Structure formats: C-alpha cells, structure tokens
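Structural overview for review
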Amino acid sequence: DIQMTQSPSFVSASVGDRVTITCRASHDISSWLAWYQQKPGKAPKLLIYGASSLQSGVPSRFSGSGSGTDFTLTISSLQPEDFATYFCQQANSFPPAFGGGTRVEIK
Amino acid sequence: VQLVESGGGLVQPGGSLRLSCAASGFTFSSFWLSWVRQAPGKGLEWVANIMQDGDEKYYVASVKGRFTIFRDNAKNSLYLQMNSLRAEDTAIYYCARVAPTTALYYFDSWGQGTLVTVSS
C-alpha cells in the first residue's frame with residue numbers, strides 16, 4: 001500500500017501569510033493526488049485534484065503542484081476562513097490513502 | 001448535491017449496524033460512491049467504493065468480510081452494513097461521491113457524517 005506523509009503537522013500563521021504544506025508519497029503516484037480542507041465538526045471539502053487542478057468554486061489563492069512522490073499545497077495569502085486542517089490523498093492505486101493532516105492555526 | 005447519513009449510534013463489540021446515505025441534487029445512478037471514516041481526532045480512512053450499478057465493490061482490508069456496501073438507485077440511497085464490529089471501527093462515517101474524473105478515488109461531495117461508537 002502507498003503511504004502518504006504530510007509536513008508539517010502544525011502551522012501557525014497570520015492572515016495574509018503565504019503557507020506551504022508538503023505531502024510525500026511512498027511510491028510514484030504520478031499526478032494522482034488530491035487536497036482536502038476540513039474545518040472542525042465539518043466534512044472534508046475537495047480543493048485540488050490531479051495535483052494541480054482547482055475544484056470548481058475554490059478560491060484561486062489555493063494552488064497545488066508536484067508529481068511523482070513530492071507535492072505541495074500553497075495558500076498564497078491566508079484568509080480567516082482558511083484556518084482548518086488540510087489532508088492530501090493519493091488516488092493512483094488501491095487502496096486510496098490520506099496523509100495525516102496539517103492543522104493551520106492563527107498565530 | 002446533498003448527502004445525508006443516518007444510522008450511527010452506540011453498539012457493543014461484535015454487534016451490527018447499518019448506515020444509510022440519502023442523496024439528492026444529482027443523478028445518483030451515474031456516480032461511484034464511497035464510505036470514508038474518521039476516528040475521533042484522527043485522520044481520514046477510505047472504507048469502501050461501489051460502482052454505479054452496484055456490480056463492483058471494493059473494501060479496505062481491515063473491513064473486508066465484515067462490512068458490505070450496497071446501493072438502491074431507485075431510492076437514491078447508499079448503505080453500509082457493518083457486522084462483527086470492533087472498538088477500532090469507532091469513527092465518524094462519511095458518505096462521499098466519487099468525482100466524475102478518470103480516477104476512482106477523488107471525493108467531490110461529502111455528507112455531514114454519522115458517528116459510530118463500538119463499546120461495551
């Protein structure tokens with residue numbers, strides 16, 4: 001099975017900051033990667049799929065990059081509504097697997 | 001798109017529970033569907049997938065042989081029959097729609113979740 005490792009597990013940042021989250025796959029997953037945002041008590045929300053394709057309705061301050069084993073999610077200018085936990089997920093092979101999550105909190 | 005889960009609750013180890021997910025706002029029979037779970041304070045774990053007509057089903061190893069995913073396209077409903085429940089099955093269970101891309105594992109809509117607690 002493919003393992004997904006996110007770093008850091010916790011980020012403290014201010015409104016307006018640029019935030020970058022990293023996700024590493026244990027094997028090559030090409031560009032079969034998604035990013036989700038989850039707020040406390042809520043379901044996850046798909047932000048990005050195919051490593052860099054923005055899901056409809058997601059603000060353009062979110063972007064994704066990478067291929068193979070190393071991927072990044074960037075929030076170009078953090079907004080108050082972006083404080084949440086972010087998960088990466090590989091969609092290349094069975095079974096799909098999620099990273100452990102990165103919690104973005106207010107500094 | 002709306003997905004609404006129900007059926008969660010407290011059950012003893014070894015017991016059974018059936019979760020339901022009522023869908024609306026899209027052509028239910030055209031989409032793969034999934035169950036994804038999240039243990040309290042933990043990360044996400046994919047549990048099972050089912051094809052549009054219900055013919056193909058896939059499970060994570062830890063639930064295979066104990067859980068059964070099925071659907072009723074006439075009722076726009078997805079189900080998860082959970083038998084031989086264990087403490088480690090305690091989680092919020094989410095119903096999720098698989099995005100209409102070439103991948104089978106992008107989840108573009110989620111329900112609010114239903115909590116399953118396995119404890120004596």
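Placed above this text is the structure.
Parameters and conventions
- Residues numbered from 1 in each chain as written.
- Chains lettered and ligands numbered in written order.
- Predicted model: local features only at pLDDT ≥ 70, side-chain atom pairs only at ≥ 80, totals over all residues.
- Heavy atoms only, no water.
- Helix = DSSP H or I, 4+ residues; strand = E, 2+ residues; numbered from the N terminus.
- Rg over C-alpha atoms; globule rule 2.2 N^0.38 Å.
- Buried < 20%, exposed > 50% of the residue type's maximum accessible area, 1.4 Å probe, protein only.
- Contact = heavy atoms within 4.5 Å.
- Pairing = 2+ DSSP bridges.
- Axes fitted to C-alpha atoms, helices over the stretch in contact; angles between N-to-C directions.
- Core = buried A, V, L, I, M, F, W, Y, C linked by side-chain atoms within 4.5 Å.
- Disulfide = S-S within 2.5 Å.
- Salt bridge = Lys/Arg side-chain N within 4 Å of Asp/Glu carboxyl O.

This part is about the overall build of chain A. In terms of helices and strands, chain A carries zero helices and eleven strands. Reading the helices (α) and strands (β) of chain A from amino to carboxyl end gives β-β-β-β-β-β-β-β-β-β-β. A globule of 107 residues ought to have a C-alpha radius of gyration of about 13 Å, and chain A, at 13 Å, matches this closely. Considered along the principal axes of its C-alpha atoms, chain A spans approximately 35 × 25 × 25 Å. Looking at chain A as a whole, 47% of its 107 residues are labelled buried. At a minimum sequence separation of 6, the contacts of chain A that also span at least 24 residues come to 56%.

Sheet strands pair by backbone hydrogen bonding; their relative direction is either parallel or antiparallel. All names here are of chain A. Across the sheet, which stays open at both edges, the four strands sit in the order β1-β3-β8-β7 with antiparallel pairing between neighbours. Taken across any chain shown, the strands that pair with only one partner, and hence form the sheet edges, are β1 (4-7) and β7 (62-67). Strand-to-strand, the axes of this sheet are offset by a mean angle of 20°, without reference to chain direction.

Our next topic: the nonpolar core. Among the nonpolar cores identified, the biggest contains 48 residues, and Trp35(B), Tyr93(B) and Phe107(B) are the most heavily contacted of them. Counting 26 residues, the second-largest nonpolar core is a separate cluster that includes Cys23(A), Ala51(A), Val58(A) and Phe62(A).

Glancing now at the state of the cysteines. Taken as a whole, this structure holds two disulfides over all chains when the rule is applied. Across the disulfide from Cys23(A) sits Cys88(A); the S-S distance is 2.1 Å. Since a negative S-S torsion denotes a left-handed disulfide, the Cys23(A)-Cys88(A) link at about 70° is right-handed. Of the two residues, Cys23(A) sits in strand β3 (residues 19-25) while Cys88(A) sits in strand β9 (residues 85-90), which places them 65 residues apart along the sequence. Neither residue differs from the other here; Cys23(A) and Cys88(A) are each classed as buried. With a sulfur-sulfur separation of 2.1 Å, Cys21(B) is cross-linked through a disulfide to Cys95(B). The S-S bond linking Cys21(B) to Cys95(B) shows a torsion near -70°; that makes this disulfide left-handed. With Cys21(B) in strand β3 (residues 17-24) and Cys95(B) in strand β9 (residues 91-98), the pair connects residues that are 74 residues apart, well separated along the chain. Exposure remark for Cys95(B): the relative accessible area of 0% places this residue in the buried category.

Another point: the pairing of β1(A). All names here are of chain A. Burial of β1 is one-sided: the residues Met-4 and Gln-6 facing one way are buried, the residues Thr-5 and Ser-7 facing the other way are not. As paired elements, β1 and β3 share four bridges and run antiparallel to each other. Along β3, the bridge assignment pairs Thr-5 with Arg-24.

As enumerated under the stated definition, the model contains eight salt bridges over all chains in all. Residues Glu105(A) and Arg103(A) are paired through a salt bridge, measuring 2.3 Å at the closest nitrogen-oxygen approach. The class for Glu105(A) is partly exposed, based on a relative accessible area of 24%. Members of the salt-bridge network, linked through shared partners, are Arg37(B), Glu45(B), Arg66(B) and Asp89(B).

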